[in-house]
Amino acid sequence: MSANPAISPIQISPSIRHNWQLDEVQDLFALPFSDLIYKAQSLHRENFDPNEIQVSSLLSIKTGSCSEDCGYCPQSARYDAGVTFEALMPVDAVLKAAQKAKDQGASRFCMGAAWRRPKDRDIERVIEMVQGVKALGLETCVTLGMLTDQQTLRLKEGGLDYYNHNLDTSEEYYSEVITTRTYQDRLETLARVRDAGINVCCGGIIGMGESDMDRSRLLIELANMPRHPESVPVNMLVQVEGTPLMGTPALDPIIFIRTIAVARIMMPKSRVRLSAGRSKMSDEMQALCFLAGANSIFYGDKLLTTDNPVTNHDLDLFDRLGVHSGGSSYG
Ligand code: SAM
Ligand code: DTB
Ligand code: SF4
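Residues numbered from 1 in each chain as written. Chains lettered and ligands numbered in written order. Predicted model: local features only at pLDDT ≥ 70, side-chain atom pairs only at ≥ 80, totals over all residues. Heavy atoms only, no water.

**Concerning empty space enclosed by the protein**
Under the convention used in this document: Any residue with an atom within 4 Å of a point lines the site, the site being either a cavity, points on a 1 Å grid over the protein atoms alone where a 1.4 Å probe fits but cannot get out, or a pocket, an open set with protein on both sides within 12 Å along at least 5 of 7 lines. Grid points are joined across faces, edges and corners, and a volume is the space filled by probe spheres set on the points. A run of H or I in DSSP becomes a helix once it reaches four residues, and a run of E becomes a strand once it reaches two; helices and strands are each numbered from the N terminus.
Scanning all chains against the criterion turns up two cavities of 30 Å³ or more. Estimated volume of the largest cavity: approximately 830 Å³. Lining the largest cavity are 39 residues, with Tyr72, Cys73, Gln75, Asn166 and Leu304 sitting closest to its centre. Breaking the lining of the largest cavity down by element, the ones donating at least two residues are β2 (108-113), β3 (139-143) and β7 (231-236). Approximately 40 Å³ is the volume attributed to the second largest cavity.

Shown next, in the form of structure tokens:
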């Protein structure tokens, strides 16, 4: 039995741990590349079909004019990144986009809103969207910012499958990137989502000028939660003109791939999503990310406001790699 009473029984398995220490995570990052990838791929194969990738499509349901100051984000009202404000979309327009995503092969539809936190009346409209999207046969995910207990319960009652709320980086580096809400605020929203019984989608952004130690600490924060997030999006910073993080020195792609591998080792049953930033990655780099244990992508020509690889290119890449889409969250 685990010594930690907070760990739920379904997580007790030799490979599922919630007590990662900084030195051992840094040792993983420092392994020779082949040894690291072999370890990650071995665990991946124990827990998943190695040739299957889950595909999610994104839609921005409320765009721009956000009050927060996240230094990477083109949707903050504080920066001039050329994003035009769009109010919360009507439900029928969302359902049309969801049907298109389904026709193109997505299994999950993620709706993102540029809010610090939603208003109660917004939640009711989002629930109508969730119910409509579920009726099309898609899994649902929303990302709306911070939530109250009441709002979280309403989303659960409304049938929401996943809530995305990222930690983005380590607690130590966080204030270099965001000042308008705290790390603790994020952890509290994540705990509400978990307690309400909604699946957790939580990850971060790599390439914001953080150190090796920050990347290790972010992964420790995620893996040492009482339950691992079911989905772990690993975004590579999309540098957008007008945002404070534009011009951040480019990250060595090998470090990004290592981050995916370490995430796979630390959270062996979670879907690790190769998320934003794929437009700037070669096919070969994406193939290495899949080999390192990534088994989910955002699919569709657009992320929220920035470009994603076109669907035909992704289908061609899947074909060349012999991978197929499918599967749900947990291994
Ligand atoms: N406003 C809500 C919030 O911040 O929680 C939801 C939407 S927000 C755009 C969702 C996530 O997108 C952020 O937490 C961040 O991790 C990611 N993101 C935003 N801009 C990005 C960028 N330029 N590059 C990579 N990831 C980005
Ligand atoms: C996540 O981790 N990445 C997605 C999703 N969750 C909401 C968002 C990426 C946004 C990239 C910048 C943009 O397109 O605005
Ligand atoms: Fe707003 Fe979310 Fe962008 Fe931060 S990441 S500025 S909260 S939309």
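**Digging into the UniProt feature "binding site: [4Fe-4S] cluster" (unreviewed entry) in the protein chain**
Heads up, the condition is: UniProt positions are given in the numbering used here, feature names are shortened, and annotations may be inferred rather than shown by experiment. Exposed residues in this analysis have more than 50% of their type's maximum accessible area, buried residues have under 20%, and partly exposed residues fall in between, with area computed by a 1.4 Å probe over protein chains only. Note on definitions: a residue-residue contact is assigned when non-hydrogen atoms from the two residues lie within 4.5 Å.
The UniProt entry lists Cys66, Cys70 and Cys73 under the feature "binding site: [4Fe-4S] cluster" (unreviewed entry), expressed in the numbering used here. Annotated residues from the preceding list that form part of the lining of the largest cavity: these are Cys66, Cys70 and Cys73. Note on placement: Cys70 falls in the loop between β1 (52-62) and α3 (91-103). Judged by its relative accessible area of 7%, Cys70 falls in the buried class. Sequence-distant contacts of Cys70, defined by excluding residues within four places in its chain, comprise Tyr79, Val177, Ile178, Arg181 and Arg186. Within the secondary structure layout, Cys73 lies in the loop between β1 and α3. Setting aside residues no more than four positions away along its own chain, Cys73 makes contact with Tyr79 and Thr243.

**Focus: the site of ligand 1**
Spelled out, the test is: Near residues are defined by distance, with any heavy atom within 4 Å of the molecule or strand qualifying the residue. Any pair of N or O atoms that falls within 3.5 Å is considered a polar contact. Within protein, one atom must be able to donate a hydrogen and the other to accept it, and sequence-neighbouring residues count only if both atoms are side-chain atoms. Think of it this way: a molecule belongs to a cavity or pocket when more than half its atoms come within 2 Å of the grid points there. Only Asp, Glu, Lys and Arg are considered charged in this grouping, and only Ala, Val, Leu, Ile, Met, Phe, Trp, Tyr, Cys and Pro are considered nonpolar; every other residue, Gly among them, is considered polar.
Taken together, 16 residues are adjacent to ligand 1, and Tyr72, Asn166, Asp168, Arg181 and Val238 come closest. Separating a nitrogen atom of ligand 1 from a backbone N or O atom of Tyr72 is a distance of 3.0 Å. Between an oxygen atom of ligand 1 and a side-chain N or O atom of Asn166, the distance comes to 2.9 Å. For ligand 1, the cavity whose grid points lie within 2 Å of the majority of its atoms is the largest cavity. Here the shell around ligand 1 is built from residues that sort into nine nonpolar, five polar and two charged.

**Regarding the site of ligand 2**
Rules: Each accessible area is a Shrake-Rupley result for a 1.4 Å probe, and residues are judged covered by the shown protein chains and nothing else.
Ligand 2 sits among 13 residues. The nearest are Asn166, Asn235, Leu304, Thr305 and Thr306. A distance of 2.8 Å separates an oxygen atom of ligand 2 from a polar atom in the side chain of Thr306. For ligand 2, the protein covers 88% of the area, taking 410 Å² as the surface of the free molecule. Mapping ligand 2 onto the cavity grids shows that it belongs to the largest cavity. Classifying every residue of the shell around ligand 2 gives seven nonpolar, six polar and no charged.

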